[in-house]
Amino acid sequence: MSAANPEMLGVFDSGVGGLSVLNSIAAAGVNLPTLYVADQANVPYGGRPLDQIRNYAAAICRALVRAGCTHIVMACNISSAVAYEIVRAEHRNLIVIGVIEPGAAAAARLETNRVAVLATKGTVESQAYRQAFHRIDPGIEVGELACPELVPLVEAGVTTGEEAVVAARMRMAQVQSYGARTVVLGCTHYPFLLPVLRAAAPEVRFVDPAEATAQLLRSYVSLNNGGPQHVRRLITTGSRHTLQKQAAAMMNGTDFTVAEAVWKGDELLLPVGLPT
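Position numbers for residues count from 1 along each chain, tracking the sequence in the order it is written. With pLDDT at 70 or above as the cut-off, local features in this predicted model cover only qualifying residues; side-chain atom pairs require 80 or more to be listed or tallied, and sums for whole chains, interfaces and linings still use all residues. Side-chain measures here rest on the full set of heavy atoms in the structure, leaving out hydrogens and waters.

### Remarks on the pattern of salt bridges
Alright, step 1. Any Lys or Arg side-chain nitrogen located within 4 Å of an Asp or Glu carboxyl oxygen qualifies as a salt bridge. The full count for this structure, using the stated rule, is 10 salt bridges.
Alright, step 2. The salt bridge involving Asp51 is made with Arg54; its shortest N-O contact spans 2.5 Å. Separated by three residues within a single helix, Asp51 and Arg54 lie in helix 2 (residues 50-66), roughly one turn from each other.
Alright, step 3. Among the ionic pairs, Glu101 bridges to Arg135, the shortest N-O distance being 2.2 Å. Of the two residues, Glu101 sits in helix 4 (residues 100-110) while Arg135 sits in helix 6 (residues 128-136), which places them 34 residues apart along the sequence.
Alright, step 4. On the basis of relative accessible area, Glu101 is assigned to the partly exposed category, the value being 38%. Each helix corresponds to a stretch of at least 4 residues labelled H or I by DSSP, and each strand to a stretch of at least 2 residues labelled E; elements are numbered beginning at the N terminus. Burial status follows relative accessibility: with a 1.4 Å probe on protein chains alone, a residue under 20% of its type maximum counts as buried, one over 50% as exposed, and anything between as partly exposed.

### Side note on the packing of helix 4 against helix 10 (residues 209-218)
Alright, step 1. Between helix 4 and helix 10, the least distance of the axes is 8 Å, while the angle of their chain directions is 110°. As summarised for this structure, helix 4 and helix 10 are arranged roughly perpendicular, according to the angle between their axes. Crossing handedness for the pair helix 4 and helix 10: right-handed. Listed contacts from helix 10 to Pro102, Gly103 and Ala106 of helix 4 are Pro209, Ala212, Thr213 and Leu216.
Alright, step 2. Three classes are used: nonpolar for Ala, Val, Leu, Ile, Met, Phe, Trp, Tyr, Cys and Pro, charged for Asp, Glu, Lys and Arg, and polar for all others, with Gly counted as polar. Partitioned by chemical class, the residues of the contact of helix 4 with helix 10 number five nonpolar, two polar and no charged. Every axis corresponds to a line fitted to the C-alpha atoms, with the helix fit spanning only the stretch in contact, and the corresponding angles, defined between N-to-C directions, vary from 0 to 180 degrees. Orientation labels follow simple angle bins: below 35 degrees gives roughly parallel, above 145 gives roughly antiparallel, 65 to 115 gives roughly perpendicular, and whatever is left gives oblique. Here a crossing is called left-handed whenever its near helix is offset anticlockwise from the far helix by less than a right angle, and right-handed whenever the offset is clockwise. Contact definition: two residues touch when any of their heavy atoms are within 4.5 Å.

### Remarks on helix 3 (residues 77-90)
Alright, step 1. Given a helix with a known number of residues, its expected span is that number minus one, times 1.5 Å. Across its 14 residues, helix 3 extends 19 Å between first and last C-alpha, which sits within 8% of the 20 Å expected from 1.5 Å per residue.
Alright, step 2. Bend, at a single residue, is the angle you get between axes fitted to the 7 residues ending at that residue and the 7 residues starting at it. Approximately 70° is the largest bend angle found in helix 3, and it occurs at Ala83.
Alright, step 3. Considered for burial, the residues of helix 3 that qualify are Asn77, Ile78, Ser79, Ser80, Val82, Ala83, Tyr84 and Val87.

Okay, here's the thing in structure tokens:
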């Protein structure tokens, strides 16, 4: 990180879902040195105790800050739901952005009646989306639907084919029974299933919070559109080779490198000498 460009972006998720947010950030024209952490040793977060998720999120953010990040995007809905206030309080001098408030605001601009939120079990139990919508417009009726089978599908690279289609049809049938015509993808993994979700319910409007989150980040950074495109540094607590293969299919042609990090007790140790 050079003196001429002191800003540095840190992004994290339990796995590869947050790559949908990285794609939206790149599409929004944000060009910063970027570190992305995928906590694949502990994916999925959705069914874990909420205190455990808070600890993971806080530790990952500390590691990103130690690495020099000045902006943090919590590209994980359950982390945003249960750990956002903790992280923001701990790092008051940094820009910290979650995905829930931007996603709810984007959906509320489209729908004032009834919204369905597809999410993990933990995000549903937190009622974070319900609370966010009610802060914006108490008149919006919010139905939250836990979809525990979707994250494992995306992590396994199964975003098309019979298994993905069956899962999409099942969940969209529930949405249609609820009577919602606007659906929030309340997990950053789910945009990778958007083609099969749309095919299952072509009349539904889908809201991807990644797009609104990227636009919010854009308002906080000094854009460097005239300079060379920074390479994204992807870091996994799982297998580097697995993430390399996954990212190659999901990163929309953006240049990236992959390395591994390790958990040492409650501390996340990033690889040393990460170039920016």
